[in-house]
Every structure is written in structure tokens, then in C-alpha cells.
Amino acid sequence: MNNVVVLDNGAGLIKAGIGGERDPTAIVPNSMGRPLSSKKWLMADQLLSPDVDLTSATVRRPFDRRINPDLQSSLWSHIFSNSNLLNITPSQSSLLLTEPLFNIPSIQRSLDEIVFEDFNFKALYVSDSPSLVHLYEASRRPYGIVSKAQCSLVVDCGFSFTHASPVFQNFTLNYGVKRLDLGGKALSNFLKELVSYRSVNLMDENFLMDDVKEKLCFVSLDVARDLQIAREPGNDNLFRCTYVLPDGITHTKGFLKDSEEAKRYLSLYNDEAAPKQQVAAGEQTGKLWSNDGSRRIDLTKNEFGLTNERFLVPEMMFRPADLGLNQAGLAESIVRAISFCHSHLQPLLYESIILTGGTTLFPHFAQRLEMDLRPLVPDKYRLKITTQEDPILGVWRGGSLFGIKS
């Protein structure tokens, strides 16, 4: 049987499965980690075990600075041979592999060598992410504008980069692609710097800070207002919350101390009713805050507090210049990408913007992007932004759909 293996080889996560299936069989980190108390390197799915203490763990990724072919081959081998993951025979299968836009030739050659020399796949098809996202969205809505016009503007916010890519008739228009050198990794690093400067040194906590970012960060719709609220003392500060660090004894993973406290900010956006009971000042915040609202660091507690960090980190995507980065924000990048396309395509592209990638999962991401885009788009053009039903799996599902006919 000639299976088509679909491998979305992201810099942060690997999504792997068989073509024709709705969801991938394996969604694992594209990395290896070595816990501080161990000499053994853990691979991919082993890093997701609830019993593993990854506090200050050393992390190795295949695409750190430059490609590491041996590490990438080891990770793929683990996924392909593990009975709990794919468990396939590469020599009896074909491979559909995703690669980043404008991938350099040396990386392409290294991946080709791994596919054919290390694993002996029967065939290889390499695709970029935007075309697969477009294919999947067009198939989901056969009567929508993406399917009828056969064009879309795919915004892929990945681990290392963010690309705004025009797609026409399932081909990415490379001349119109604009890249933003920001992604999930840069946001995590910025969060580490903020917390380490203000509270406790967590510069070595890669996995922990990823968890904090995913659980607590959100996109602000009014930064000036939210900065003012973040300065308020006591319960008037709706952004305050406490994250408990692992102690290595009773719990090996960090967790949110009070989930209701972290949701209080939602009352500003009318997303849902604010929690009925607000947290008393200093009562459930680990005494990180004094009575006058100023920050107090209790070194006997294994926890830290967050306020404006929660929305300043995602703000990097929209206004990187405010943080000293010499590049355009996401809205400006989208406008530039569309302006490079034919004038007949431009109104259709503005009406068919598709968001994909894990960074787009921040609450209010699409709403903020529309707020920033609308003043930059001609009034005669309609603006419509669609977030994929699962931005993390969108590329893989497109590849799975493409693999059915292979």
C-alpha cells in the first residue's frame, strides 16, 4: 500500500499523519530537551509527558541559527518508527513535506538527502504553507469568495517568522510575499525578558514561558487605556494574575493560580461576563502586591505576577517600531503585500485574508488586525479577515487534502 505521509515540519511543532485523514496522528515539538537533573535527551513527544520536569531544561532545535540535519533526521526517525506516533515504513510511502517560503538551497538539499538517503521514501513533494492553507479553506467553503475567486491573502504567523502571502489559483505569488521577522519564539523571548527584569530570572525557562504566553497573553484593542488600567492599585487593575512555578516536588509543571482572576479583563471587551467574585487585594496573589498596589517580590514564594506584560508581548506583532525593531507592523506588511499584486486582484485579496499559525490564537488578534488595517485600506474595498478553525493544523489539513489525489 502506497501511503502518502503528510509532514508539516514547522520550526516549533511537527504535525505528521497520513494523507486523507482530518487530523494528524502526531503533533509534537520539533526539538530535543534535556532536563536539568538528567543526562538523557528527550525527543518530541517525550517532552509532553506530564511527569517530566523541564525546569531550566536545555533545548536543541534543528533550525536554531542553521539547520542541523542529524538532529532533524533523529526526530523524524523517532516519529516514523514509534508505535504511539506514525509507525510507518518510509520505503513503502511517499512524502508530502512543507518548507518555509524562500528556503535557502543548502537547507533544501539537506532535507532532500534526509528524505531519500536516510529514509528511502518512494517519492517527495515539497509545498509551501500558504498554498495548502488556501486549498483547505477553498474546499471548506465551496461557495465562498476564496473558492470562487481562487485567490486569498494568507497571513502565517509561525514560530520564527510571519509571512503575508498572496495566493492565486493555488500558487503563492512570491513577488508579493512580505516577511515580518517576528514569530512565537520572539514573543516568548520578549516575555522572558520582561518577567526576568521585573520579577524573577526565567531566561532559561523555554517551555515554562511558552506556557505562560499561551495561557495569559492577549491582544489589546486599546493600548493606551489598558496601560492606564495596569497602573491601578488593588482590584482596579483587571490584568493582575499570578503564575505558580514548578517546585520539582509536588508539581513539575507551572500553573495559573486563579483562573477567574486572569479572566477579569474580559469585562472590558464584553466577551463574557466578568467573574462574579473578584479577588481580594493580596488574598490570592501570593502577596506579590502591597496594599498601595506596588509590586512586592516575596522570595519565599515560587510564583510571580503579571500585569501589562500580558498585552505588551503580542503588541510586538502590530507595532514593532515602538519596541525598537526597525520593521513594519503586521497591518503595514499586509498592505504592502497586496499592493505588489495586480490591481484587479487587490479588492479580492482584502476580502479574503486568512489567518493561520499558533500566534493568531491570542484573544482579539483578528479584531485588532482589522482595526489597524481599516484606515490603510481604500474605503471602496471591503475588508474581511477569517481565522482558521484550527490555525495550528490548517497547513497540515491542506496537505492531507492534497495527498488524497496523490
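Residues numbered from 1 in each chain as written. Predicted model: local features only at pLDDT ≥ 70, side-chain atom pairs only at ≥ 80, totals over all residues. Heavy atoms only, no water.

Note the cut-off: UniProt positions are given in the numbering used here, feature names are shortened, and annotations may be inferred rather than shown by experiment.
The name given to the protein chain in an unreviewed UniProt entry is Actin-related protein 6-like, and the organism recorded there is Nicotiana tabacum. In UniProt, the protein chain has this text filed under Sequence similarities (unreviewed entry): "Belongs to the actin family."

Side note on the sheet that holds strand β13 (residues 241-244)
Strand pairing in a sheet takes place through backbone hydrogen bonds and is either antiparallel or parallel in direction. Spelled out, the test is: Between any two strands, at least two bridges found by DSSP are needed for them to pair. Per the convention used, a helix needs a DSSP run of H or I reaching at least four residues, while a strand needs a run of E reaching at least two, with both numbered from the N terminus. Pairs of residues are marked as contacts when any of their non-hydrogen atoms sit within 4.5 Å. Note on method: axes are straight lines fitted to C-alpha atoms, helices fitted across the in-contact stretch only, with angles between N-to-C directions ranging 0 to 180 degrees.
Read across the sheet, 3 strands follow the order β14-β13-β15 without closing on themselves; strand pairing throughout is antiparallel. The sheet terminates laterally at β14 (255-256) and β15 (303-306), the two strands that pair on one side only. Sheet analysis places β13 next to β15, joined by 4 bridges and oriented antiparallel. Bridging from a neighbouring strand, V244 pairs with E303 of β15. Against the sheet, helix α6 (residues 206-216) makes contact with β13, β14 and β15, and its axis sits at roughly 150 degrees relative to β13, the strand it touches most.

Quick notes on the packing of helix α1 (residues 69-81) against helix α2 (residues 105-118)
To keep it simple, the criterion reads: Relative orientations are named as follows: roughly parallel for angles under 35 degrees, roughly antiparallel for angles over 145 degrees, roughly perpendicular for angles from 65 to 115 degrees, and oblique for any other angle. By convention the crossing between two helices is left-handed if the near helix lies anticlockwise of the far one by an angle smaller than a right angle, and right-handed if it lies clockwise.
Viewed as axis vectors pointing N to C, α1 and α2 meet at an angle of 45 degrees, and their least axial separation amounts to 10 Å. By the angle between their directions, the pair α1 and α2 is classed as oblique. As α1 packs across α2, the resulting crossing turns out to be right-handed. Contacts between α1 and α2 involve P69, Q72, S73 and W76 from the former and S110, L111, I114, V115 and D118 from the latter.

With respect to the packing of aromatic side chains
Rules: Centres within 6.5 Å make a pair out of two Phe, Tyr or Trp rings, where for Trp the six-membered ring is used; the pair is then stacked when the planes are under 30 degrees apart, edge-to-face when over 60, and tilted otherwise. Each residue is placed in one exposure class: buried if its accessible area under a 1.4 Å probe, protein chains only, is under 20% of its type's maximum, exposed if it is over 50%, and partly exposed if it falls in between. In this scheme, Lys NZ or Arg CZ marks a charge over a ring once it lies within 6 Å of the ring centre and within 35 degrees of the ring normal.
Enumeration over the complete set of coordinates arrives at 15 aromatic pairs. A centroid spacing of 6.4 Å and a plane angle of 45 degrees characterise the contact between W76 and F119, whose relative ring orientation is tilted. Within this pair, whereas W76 is found in helix α1, its partner F119 is found in the loop between α2 and β8 (123-128), the two being separated by 43 residues in sequence. Each member of the pair, W76 together with F119, is buried. Counting every residue linked through ring pairs, the aromatic cluster contains F218, F239, Y265, Y269 and F311. Between the NZ or CZ atom of R60 and the centre of the ring of W41, over which it lies, the distance is 5.3 Å.

Thoughts on the side chain of T356
Worth spelling out the cut-off: The definition of a polar contact used here is a pair of N or O atoms within 3.5 Å, where within protein one atom must be able to donate a hydrogen and the other to accept one, and adjacent residues in sequence count solely through side-chain atom pairs.
Tracing the chain through its elements places T356 in strand β16 (residues 353-356). Residue T356 is classed as buried on the basis of its relative accessible area, which comes to 1%. Within the local environment of T356, its side chain forms a polar contact with the backbone oxygen of P391, the two atoms lying 3.0 Å apart.

Concerning the environment of N302
By secondary structure assignment, the location of N302 is in the loop between α8 (259-262) and β15. For the pair formed by N302 and P24, sequence separation is 278 residues and the distance between their alpha carbons is 37 Å. Non-local contacts of N302, meaning those with residues more than four positions away in its chain, are made with V244, L245, P246 and D247. Polar contacts involving the side chain of N302 include one to the main-chain carbonyl oxygen of P246, which spans 2.9 Å.

Let's talk about the packing of helix α3 (residues 129-140) against helix α13 (residues 394-404)
To keep it simple, the criterion reads: Nonpolar residues are Ala, Val, Leu, Ile, Met, Phe, Trp, Tyr, Cys and Pro. Charged residues are Asp, Glu, Lys and Arg, and all others, Gly as well, are polar.
One can describe the packing of α3 onto α13 by two numbers: an axis separation of 7 Å at closest approach and a directional angle of 75 degrees. The angle between α3 and α13 falls in the class roughly perpendicular. Contact with α3, carried on its side by S129, L132, V133, L135, Y136 and S139, involves G394, V395, R397, G398, G399, L401 and F402 of α13 and no other residues of that element. Residue classes in the contact of α3 with α13 are distributed as 7 nonpolar, 5 polar and 1 charged.

Brief notes about the pairing of β16
The following threshold applies: Every crossover in which the path from the first strand over the helix to the second runs clockwise, viewed with the strands pointing away from the viewer, is termed right-handed.
Along β16, one buried face is formed by I353 and L355 and the opposite face, lined by I354 and T356, is buried too. Relative to β16, strand β9 (residues 151-157) is paired through 4 bridges, and the arrangement is parallel. Residue D156 lies in a different strand from β16, and its bridge partner there is T356. With 3 bridges joining them, β16 and strand β17 (residues 385-387) adopt parallel strand pairing. Residue pairing for β17: I353 is matched across the bridge by I385. For the handedness criterion, the β-α-β arrangement of β16, helix α12 (residues 365-373) and β17 is classed as right-handed.

Concerning the sheet that holds β8
With respect to topology, 5 strands assemble into an open sheet ordered β3-β2-β1-β7-β8, the strand pairing being mixed. In this open sheet, the two strands that pair with only one neighbour each are β3 (26-29) and β8. Adjacent strand axes in the sheet meet at a mean angle of 20 degrees when their direction is disregarded. Relative to strand β7 (residues 93-99), strand β1 (residues 3-9) is paired through 5 bridges, and the arrangement is parallel. Pairing of V4 across the sheet is with S94, part of β7. Set on the sheet, α1 makes contact with β1, β2 (13-18), β3 and β7; between it and β1 the angle comes to about 135 degrees. Sitting on the sheet, α13 is in contact with β1, β2, β7 and β8, with an inclination near 160 degrees to β1.

A closer look at the pattern of salt bridges
How we decide: For this document, the term salt bridge refers to a Lys or Arg side-chain nitrogen within 4 Å of an Asp or Glu carboxyl oxygen.
Tallied over the entire structure, the rule returns 16 salt bridges. We note a salt bridge from D181 to R179, for which the minimum N-O separation is 2.9 Å. Residue D211 pairs with K215 through a salt bridge whose shortest N-O separation is 3.3 Å. One end of the pair, D211, and the other, K215, are both in helix α6, 4 residues apart, so they sit about a helical turn from each other. K215 sits in the partly exposed class, given a relative accessible area of 46%. Shared partners join several salt bridges into a network, and the residues in it are R22, D23, E137, R140, R141, E389 and R397.

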